[in-house]
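For reference, the chains in residue letters:
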Amino acid sequence: MSFLSNLINGISLGSVYAIIALGYTMVYGIAKMLNFAHGDVIMIGAYISFCVTQYMGLPAWVSVLAAMLVCTLLGITIESLAYKPLRNAPSLAVLITAIGMSYFLQNVALLIWGSNPKSFTSVIDADPIRLFDGQLIISDVALVTVAACILIMIGLTWFTGKTKMGRAMRAVSEDKGAAQLMGVNVNLTISVTFAIGSALAAIAGVLLCSAYPTLMPTTGSMPGIKAFTAAVFGGIGSIPGALLGGILLGIIEIFGKTYISTELGDAIVFAILILLLLVKPTGLLGKKVREKV
Amino acid sequence: MSERKQRTPMVPFPSDAIIPERDLGTRPVLDARHLGVEFGGLKAVDDFNLIIGRTEIAGLIGPNGAGKTTIFNLITKVYSPTTGTILIDGKDTANMNTIQVNKAGIARTFQNIRLFGKMSVEDNVKIGLHNKMKYSMATGILRLPAYWKTEKLMHEKALELLSIFDMQDMAGAIAGSLPYGAQRRLEIVRALATGPKLLLLDEPAAGMNPAETSELMENILKIRDTFQIAVMLIEHDMHLVMGICEGIAVLNYGSIIAKGTPEQIQSNPAVIEAYLGKRKEGDA
């Protein structure tokens with residue numbers, strides 16, 4: 001029974017990674033850049049939700065919407081101020097800018113909210129489900145997290161597959177220049193991608209802090225890096241890959257911590273990533289890109 | 001014909017402009033004057049002048065490296081010209097970007113095929129229709145009736161356009177998996193979907209066998225007649241160029257060395273020299 005319970009915890013943690021990884025993978029797929037500030041957008045989202053419930057006394061669902069709104073605007077602003085001017089710059093310049101933006105956001109949070117950890121109250125207030133005469137307890141947060149992840153996946157798959165903006169995103173991800181010559185507004189498409197990724201980051205931030213309620217300015221960095229790992233694990237640029245990578249990473253982490261060593265949990269996660277990349281450099285669902293010579 | 005259409009162009013045509021007689025009374029679809037571009041001091045295009053009539057099929061030929069594709073890149077604003085002006089249907093493109101030039105009525109294909117290879121044939125055409133059919137993103141997310149209506153319309157329009165080349169049965173296939181000839185045709189359909197007034201084709205017959213080329217020639221004429229648009233093509237296949245182009249411009253080292261009808265071009269000594277090299281004194 002403890003195996004089942006660990007599995008459920010793993011899937012739940014993995015769902016959070018998957019939601020964050022979606023942001024990484026979509027931005028990479030379309031703007032061809034690694035947005036290392038993505039993890040810190042999660043942290044900002046969690047702080048906004050915290051402030052709305054604690055200081056303004058508004059209901060939890062309002063705080064989630066507020067977090068999504070603020071993060072969406074933040075994502076668009078970061079893109080237009082920091083990344084857009086570097087659209088044609090070497091990728092290293094953009095990468096360094098993203099790392100700088102990550103530290104910038106952490107320090108802004110430090111300035112506003114201080115370094116003392118805040119205790120985040122879960123936005124979900126329901127009773128856990130007890131199965132097998134109370135031997136298996138599934139927490140309300142875990143259930144909502146997995147459900148949110150599934151809904152987001154279905155929504156995004158449909159959005160990219162069947163709507164005009166989704167088609168434009170796929171076109172831009174394949175050939176920016178050709179898309180532009182067909183009249184597709186590449187800048188708008190990239191902005192929308194950042195907006196969606198950041199809104200998802202806000203949801204992930206709230207869910208993450210509902211499960212692990214310590215909130216401080218560095219809260220986003222480790223999950224951010226893990227989710228980035230998950231995106232690479234599943235094949236960066238692939239939406240189903242982000243889901244698969246995220247969930248697998250969550251399960252591996254929880255099992256590693258439970259059955260092998262709590263201290264080595266993260267080391268195990270990254271060791272498995274290295275092994276996988278040695279065998280399959282493009283990740284689980286990543287497609288091999290043949291360079292023409 | 002209405003009086004409006006009889007209106008003469010704002011700037012008088014240069015004396016060496018050649019456009020078909022039937023297009024003479026109407027505003028030209030493309031009017032490029034003194035066009036030039038430099039890359040780090042190197043003049044890739046110098047004093048390029050060309051006027052294309054509304055339903056003309058124009059050819060741009062010249063040896064490799066003459067600057068033909070650069071001309072297409074200047075017209076579509078991939079590069080900004082260093083000197084000169086381009087009018088598309090009378091509108092100055094100086095302050096336009098690539099997207100605006102597309103909206104003004106220019107669509108193109110590419111020398112090396114640049115389809116969205118992982119997307120379906122139908123979706124490739126729908127990207128071309130992107131600006132023609134509108135619904136807001138919120139409408140799309142909430143799946144309001146306008147979304148279903150517009151998407152249905154786009155689907156029908158895409159199939160209709162594909163049927164020009166008898167490709168409607170391939171609509172669901174992945175574009176990258178199509179045979180080479182079909183990919184070239186799909187690129188033309190995608191460009192047509194943007195509703196151009198002038199279609200730029202960059203080596204449309206490259207890699208085609210004679211039978212396919214003949215079919216392509218018929219199709220270019222068919223497109224011109226059906227949509228009443230102008231076509232400008234870069235091509236090395238002289239059978240195609242001489243067969244369907246009404247006006248031909250020959251480019252060498254970035255400058256036009258000859259302009260005229262196919263007959264005039266074929267007998268022009270400067271053209272023969274550019275293609276075959278100068279005959280040395282004393283050679284037989």
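Residues numbered from 1 in each chain as written. Chains lettered and ligands numbered in written order. Predicted model: local features only at pLDDT ≥ 70, side-chain atom pairs only at ≥ 80, totals over all residues. Heavy atoms only, no water.

## As for the overall build of chain A
Selection rule: By definition, any uninterrupted DSSP run of H or I lasting at least four residues is a helix, any uninterrupted run of E lasting at least two residues is a strand, and each is numbered from the N terminus. Throughout, radius of gyration means the C-alpha value; the globule benchmark is 2.2 Å times the number of residues raised to the power 0.38. Only protein chains enter the area calculation, which uses a 1.4 Å probe; residues under 20% of their type maximum are buried, those over 50% are exposed, and those in between are partly exposed. Contact criterion: two residues are considered in contact whenever any of their non-hydrogen atoms come within 4.5 Å of each other. Accessible surface is estimated by sampling points in the Shrake-Rupley manner with a 1.4 Å probe; for residues, cover comes only from the protein chains shown. His is not counted, nor are the chain ends; Lys and Arg add positive charge and Asp and Glu add negative charge. Each charge is placed at NZ for Lys, CZ for Arg, CG for Asp and CD for Glu.
The helix and strand inventory of chain A stands at eleven helices and four strands. The C-alpha radius of gyration of chain A comes to 19 Å, within 12% of the 19 Å expected for a compact globule of 293 residues. Overall size of chain A, expressed as C-alpha extent along the three principal axes, is 60 × 45 × 35 Å. Burial statistics for chain A: of 293 residues in total, 52% are counted as buried. By sequence separation, contacts in chain A at least 24 residues apart represent 73% of the contacts at least 6 residues apart. When the accessible surface of chain A is totalled, it reaches about 13,300 Å², and 69% of it is carbon and sulfur. Here chain A contributes 17 positive and 12 negative side-chain charges, whose respective centroids are spaced 15 Å apart.

## Here's the deal with the pairing of strand β8 (residues 230-234) of chain B
Residues and elements named next belong to chain B. Applicable threshold: At least two bridges found by DSSP between two strands is the condition for calling them paired.
Counting buried positions over the five residues of β8 gives five, a clear majority of the element. Burial of the side chains of β8 extends over both faces: Ala230, Met232 and Ile234 are buried on one face and Val231 and Leu233 on the other. Pairing between strand β3 (residues 57-61) and β8: four bridges, direction parallel. Its bridge partner being in β8, alanine 58 is matched across the sheet by methionine 232.

## Overview of the packing of aromatic side chains
Definition in use: We call Phe, Tyr and Trp rings a pair once their centres come within 6.5 Å, taking the six-membered ring for Trp, and we label the pair stacked below 30 degrees between planes, edge-to-face above 60, and tilted otherwise. Criterion for a charge above a ring: Lys NZ or Arg CZ within 6 Å of the ring centre, and within 35 degrees of the ring normal.
Evaluation of the coordinates by the stated rule reveals eleven aromatic pairs over all chains. Ring centres 5.6 Å apart and planes at 80 degrees place the aromatic pair Phe255(A) and Tyr259(A) in the edge-to-face group. Remark: Tyr259(A) and Phe255(A) occur in helix α10 (residues 239-260); sequence separation between them is four residues, near one turn of the helix. Judged by relative accessible area, Tyr259(A) falls into the partly exposed class, the value being 45%. Where Phe39(B) meets Tyr79(B), the ring centres are 5.0 Å apart and the plane angle is 75 degrees; that geometry is what we call edge-to-face. Pair noted here: Phe39(B) is in strand β1 (residues 30-39) and Tyr79(B) is in the loop between α2 (68-75) and β4 (83-88), with a separation of 40 residues, a long-range link. According to the relative accessible area criterion, Tyr79(B) is partly exposed, its value standing at 31%. Three or more aromatic residues link up through ring pairs in this structure, and these residues are Phe3(A), Phe255(A) and Tyr259(A). Sitting over the ring of Phe110(B), Arg114(B) keeps its end group 4.7 Å from the ring centre. When the ring centre of Phe116(B) is taken as origin, the NZ or CZ atom of Arg190(B), which lies over that ring, is 4.8 Å away.

## Description of the nonpolar core
To keep things clear, this is the line we draw: Put simply, a nonpolar core is a bunch of buried Ala, Val, Leu, Ile, Met, Phe, Trp, Tyr and Cys residues held in one set by side-chain atoms that sit within 4.5 Å of each other.
Leu22(A), Met33(A), Tyr83(A), Phe120(A), Met169(A), Ile196(A) and Leu200(A) are the most contacted members of the largest nonpolar core, which has 95 residues in total. The residues contacting Phe120(A), other than those within four sequence positions of it, are Ala46(A), Ser49(A), Phe50(A), Val206(A), Cys209(A), Ser210(A), Pro213(A) and Leu215(A). Core analysis: the second largest hydrophobic core is formed by 46 residues, Val125(B), Ala182(B), Ala205(B) and Ile229(B) among them.

## Remarks on the packing of helix α1 (residues 2-31) of chain A against α10(A)
All names here are of chain A. We count it as follows: With axes taken as lines fitted to C-alpha atoms, and helix axes fitted only over the stretch in contact, angles between N-to-C directions fall between 0 and 180 degrees. For classification purposes, angles smaller than 35 degrees are called roughly parallel, those larger than 145 roughly antiparallel, those between 65 and 115 roughly perpendicular, and all remaining angles oblique. Take the far helix as the reference: if the near one is turned anticlockwise from it by less than a right angle, the crossing is left-handed, and if turned clockwise, right-handed. Nonpolar residues are Ala, Val, Leu, Ile, Met, Phe, Trp, Tyr, Cys and Pro. Charged residues are Asp, Glu, Lys and Arg, and all others, Gly as well, are polar.
Viewed as axis vectors pointing N to C, α1 and α10 meet at an angle of 140 degrees, and their least axial separation amounts to 6 Å. Considered as vectors, α1 and α10 are oriented oblique to each other. The handedness of the crossing between α1 and α10 is right-handed. Residue classes in the contact of α1 with α10 are distributed as 18 nonpolar, ten polar and one charged.

## Here's the deal with the interface of chain B and chain A
How big an interface is tends to be stated in terms of accessible area lost as the parts join. The criterion, for reference: Simply put, the buried area is the total loss of 1.4 Å probe accessible area from both parts when two parts are fitted together. Each salt bridge in this description consists of a side-chain nitrogen of Lys or Arg and a carboxyl oxygen of Asp or Glu lying within 4 Å of one another. Think of a polar contact as two N or O atoms within 3.5 Å of one another; within protein, one of them needs to be a possible hydrogen donor and the other a possible acceptor, and neighboring residues in sequence only count if both atoms come from side chains.
Facing the 32 residues of chain B at the interface are 24 residues of chain A. For the pair chain B and chain A, the summed buried surface comes to about 2,400 Å²; carbon and sulfur atoms form 65% of the total. Scanning the region where chain B abuts chain A turns up four salt bridges. Across the pair Asp123(B) and Arg167(A) runs a salt bridge whose closest N-O atoms are separated by 3.9 Å. Where chain B packs against chain A, one counts ten residue pairs in polar contact (both at pLDDT 80 or more).

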